[in-house]
Amino acid sequence: MAYVYDTTNIFARILRGEIPNRTVLETEHTLAFRDIAPKAPDHVLVIPKGPYVTYDHFCAEASEAEIVDFTRAVAAVVNLIGAEAHGAGKGFRAITNAGENGVQEVPHFHLHILAGRCIGPMICTD
Ligand code: AMP
């Protein structure tokens, strides 16, 4: 089944400049900004500018230029917030939620970068 992108979602509105964001990094194909309800001292969302609903959608249909740009932007964000897992930083967790079972709230693909404290066990098992 084809992916259906909702152009009214909040991240589409951020990309159109309709609502503000706390930008960490912007590149040709990618925007990174601080989560409005941070779950860690550093909580940054990295999103492609293109209309992709989920990570699998992005992986399947984004251009190579978009994928490379997004991937390099993640590295740049981790570096900007001092969360690299080698050298001075203490590491981070990258999470993407997809669909109903992934408990995705905003239907525009985004990667959460959580850092600044120990993020704890990988998932809640109860
Ligand atoms: P998810 O559950 O993976 O879809 O995560 C959506 C995330 O978007 C949550 O962590 C929200 O706090 C965050 N969020 C929602 N609205 C905004 C906004 N206007 N600016 C920044 N982050 C937002």
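Residues numbered from 1 in each chain as written. Predicted model: local features only at pLDDT ≥ 70, side-chain atom pairs only at ≥ 80, totals over all residues. Heavy atoms only, no water.

Could you clarify how one ought to interpret the overall build of the chain in this entry?
Looking only at helices and strands, one finds three helices and five strands in the chain. Listing each helix as α and each strand as β along the chain from the N terminus yields α-β-β-β-α-α-β-β. Taking 2.2 N^0.38 as the reference for a compact globule, 126 residues should give roughly 14 Å; the C-alpha atoms of the chain span a radius of gyration of 14 Å, in line with that estimate. Dimensions of the chain, computed from the C-alpha atoms along their principal axes, are close to 40 × 40 × 30 Å. Taking all 126 residues of the chain together, 38% fall into the buried category. Contacts spanning at least 24 positions in sequence make up 51% of the contacts within the chain whose residues lie at least 6 apart. A total accessible area of about 7,800 Å² is found for the chain, and carbon and sulfur atoms account for 57% of it. With 10 positive and 15 negative side-chain charges, the chain shows a spacing of 10 Å between the two charge centroids. (Helix = DSSP H or I, 4+ residues; strand = E, 2+ residues; numbered from the N terminus. Rg over C-alpha atoms; globule rule 2.2 N^0.38 Å. Buried < 20%, exposed > 50% of the residue type's maximum accessible area, 1.4 Å probe, protein only. Contact = heavy atoms within 4.5 Å. Areas by Shrake-Rupley, 256 points an atom, 1.4 Å probe, with all protein chains shown as cover. Lys, Arg positive; Asp, Glu negative; His and termini not counted. Charge placed at Lys NZ, Arg CZ, Asp CG, Glu CD.)

Explain the UniProt feature "active site" (unreviewed entry) in the chain to me, please; I cannot follow it from the model alone.
UniProt annotation of "active site" (unreviewed entry) refers to H110 when read in the numbering used here. Ignoring anything within four residues of it in the chain, the contact list for H110 reads F11, L45, V46, I47, I95, T96 and Q104. (UniProt positions renumbered as here; feature names shortened; annotations may be inferred.)

What exactly am I supposed to notice about helix α3 (residues 64–80) here?
The periodicity of an α-helix, 3.6 residues per turn, causes residues three or four positions apart to be oriented the same way. Its 17 residues place the ends of α3 24 Å apart at the C-alpha level, agreeing with the 24 Å of an ideal helix rising 1.5 Å per residue. Those residues of α3 that sit buried are E66, D69, F70, A73, V74, V77 and V78. On the buried face of α3, the contacting elements are β1 (23–26), β2 (30–34), β3 (42–48), α2 (55–61), β4 (92–95) and β5 (111–115). Two residues or fewer past α3, G82 is found with a positive phi of approximately 70°. (Expected span 1.5 Å × (residues − 1).)

When you look at the sheet that holds β1 in this model, what are you seeing that I'm missing?
Strands pair in a sheet through their backbones, by hydrogen bonds, and they do so in one of two ways: parallel or antiparallel. Strand order in the open sheet made by the five strands is β1-β2-β3-β5-β4, with antiparallel pairing throughout. Two strands bound the open sheet, and with one partner strand each, they are β1 and β4. Mean inter-strand twist for the sheet, computed between neighbouring axes without regard to direction, equals 20°. Sheet topology places β4 next to β5; four bridges connect them, and they run antiparallel. Across the sheet, residue R93 finds its bridge partner in β5, namely L114. Most of the contacts of α3 go to β3, to which it runs at about 165°, and overall it touches β1, β2, β3, β4 and β5. (Pairing = 2+ DSSP bridges. Axes fitted to C-alpha atoms, helices over the stretch in contact; angles between N-to-C directions.)

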